[in-house]
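# Results of the structural survey
Single-letter residue listing:
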Amino acid sequence: MMDLILWRHAHARDLVEGEEDIQRPLTPRGEKQAAHMAAWLRKHLPDGLRVLASPAVRTEQTVKALDRKYKLRAELLPDGLPQDLLELAQWPSAQGTVLVVGHQPMLGQVAAQLLGMQASECAIRKGSVWWLRQRQRLDATETVLLTVQSPEFL
């Protein structure tokens, strides 16, 4: 059994002229979103999970709210591909739990692929978490959506 948790970065400042997209920081609202979601995650995350994050400023600020060790991976930057994320997470062959902090549209594309939906049907809101589980049921392997959490409702 493997769990994959997709956490979209919290609300970030709009792009300023001359600034690179990866340099955009969280807004005060985003900082609150990250703190609320991190508090919820700390109550539910198992020990021994792996945490991977995009090196964009807004994703690193989001994951820092969790106060756990994490690795920054360039494959998770906004122009990354869903397959890159799945390979980094070692989905579905790894055991345990992997938390990935990243961006749209990649996170939504990964969730859509794993749940058998069209990529355009799956948008993950800023600051939200989607928790997926790969499990064996009788003779079939299935992906189950365990929960979707939004910081606005915590």
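A brief structural summary. Because the structure is predicted, anything quoted here is derived from the model rather than measured.

### Points about the packing of helix α3 (residues 82-89) against helix α4 (residues 106-115)
- Two numbers describe how α3 lies on α4: the axes approach to 9 Å, and their chain directions differ by 75°. Judged on the interaxial angle alone, α4 and α3 are roughly perpendicular. Contacts between α3 and α4 involve Pro-82, Gln-83, Leu-85 and Leu-86 on the former and, on the latter, Met-106, Leu-107, Gln-109, Val-110, Gln-113 and Leu-114.
- Classifying every residue of the contact of α3 with α4 gives seven nonpolar, three polar and no charged.

### Examining the sheet that holds strand β1 (residues 2-8)
- An order of β3-β2-β4-β1-β5-β6 is seen for the six strands of this open sheet, with the pairing classed as mixed. Every other strand in the sheet has two partners, leaving β3 (71-72) and β6 (140-149) as the edge strands with one partner each.
- Where β1 meets strand β5 (residues 129-137), six bridges bridge the pair, whose relative direction is antiparallel. Bridging from a neighbouring strand, Asp-3 pairs with Arg-133 of β5.
- Helix α1 (residues 28-44) rests against β1, β5 and β6 of the sheet, and its axis sits at about 170° to β1.
- Lying on the sheet, helix α2 (residues 57-64) is in contact with β1, β2 (50-53), β3 and β4 (96-102); it crosses β4 at an angle near 135°.

### Details of the side chain of Gln-149
- Along the chain, Gln-149 turns up in strand β6.
- Using a relative accessible area of 17% as the deciding quantity, one classes Gln-149 as buried.
- At a separation of 2.9 Å, a polar atom in the side chain of Gln-149 contacts the side chain of Thr-147.

### Comments concerning the pattern of salt bridges
- Considering all chains together, one arrives at eight salt bridges under this definition.
- The residue Glu-75 makes a salt bridge to Arg-73 at a minimum N-O spacing of 2.8 Å.
- Look at Glu-75 and you get partly exposed, because its relative accessible area is 29%.
- One salt-bridge network, in which partners are shared between bridges, spans Asp-21, Arg-24 and Arg-58.

### What to know about the packing of aromatic side chains
- The final tally for this structure, using the stated rule, is one aromatic pair.
- Geometrically, the ring pair formed by Trp-40 and Trp-131 is edge-to-face, given 6.3 Å between the ring centres and 85° between the ring planes. Placement of Trp-40 in helix α1 and of Trp-131 in strand β5 is noted, with a sequence separation of 91 residues between them. For the residue pair Trp-40 and Trp-131, the accessibility class agrees, reading buried in each case.

### Quick look at unusual backbone geometry
- A cis amide bond, omega 0°, links Trp-91 with the succeeding residue Pro-92.
- Within the secondary structure, Pro-92 sits in the loop between α3 and β4.
- Non-glycine residue Leu-138 carries a positive phi angle of around 55°.
- Given a relative accessible area of 82%, Leu-138 falls into the exposed group.

### Structural notes on the side chain of Ser-54
- Tracing the backbone through its elements, the reader meets Ser-54 in the loop between β2 and α2.
- Engagement of the side chain of Ser-54 in a polar contact is seen with the backbone nitrogen of Ala-56, the distance being 3.2 Å.
- The residues touching Ser-54, leaving out its near neighbours within four places in the chain, are Thr-59, Glu-60, Leu-72, Arg-73, Leu-76, Leu-77, Val-101 and His-103.

What counts and what doesn't
- Residues numbered from 1 in each chain as written.
- Predicted model: local features only at pLDDT ≥ 70, side-chain atom pairs only at ≥ 80, totals over all residues.
- Heavy atoms only, no water.
- Axes fitted to C-alpha atoms, helices over the stretch in contact; angles between N-to-C directions.
- Helix = DSSP H or I, 4+ residues; strand = E, 2+ residues; numbered from the N terminus.
- Parallel < 35°, antiparallel > 145°, perpendicular 65-115°, else oblique.
- Contact = heavy atoms within 4.5 Å.
- Nonpolar A, V, L, I, M, F, W, Y, C, P; charged D, E, K, R; others polar.
- Pairing = 2+ DSSP bridges.
- Buried < 20%, exposed > 50% of the residue type's maximum accessible area, 1.4 Å probe, protein only.
- Polar contact = N/O pair within 3.5 Å; in protein donor to acceptor, adjacent residues only side chain to side chain.
- Salt bridge = Lys/Arg side-chain N within 4 Å of Asp/Glu carboxyl O.
- Phe/Tyr/Trp six-rings, centres within 6.5 Å; stacked < 30°, edge-to-face > 60°.

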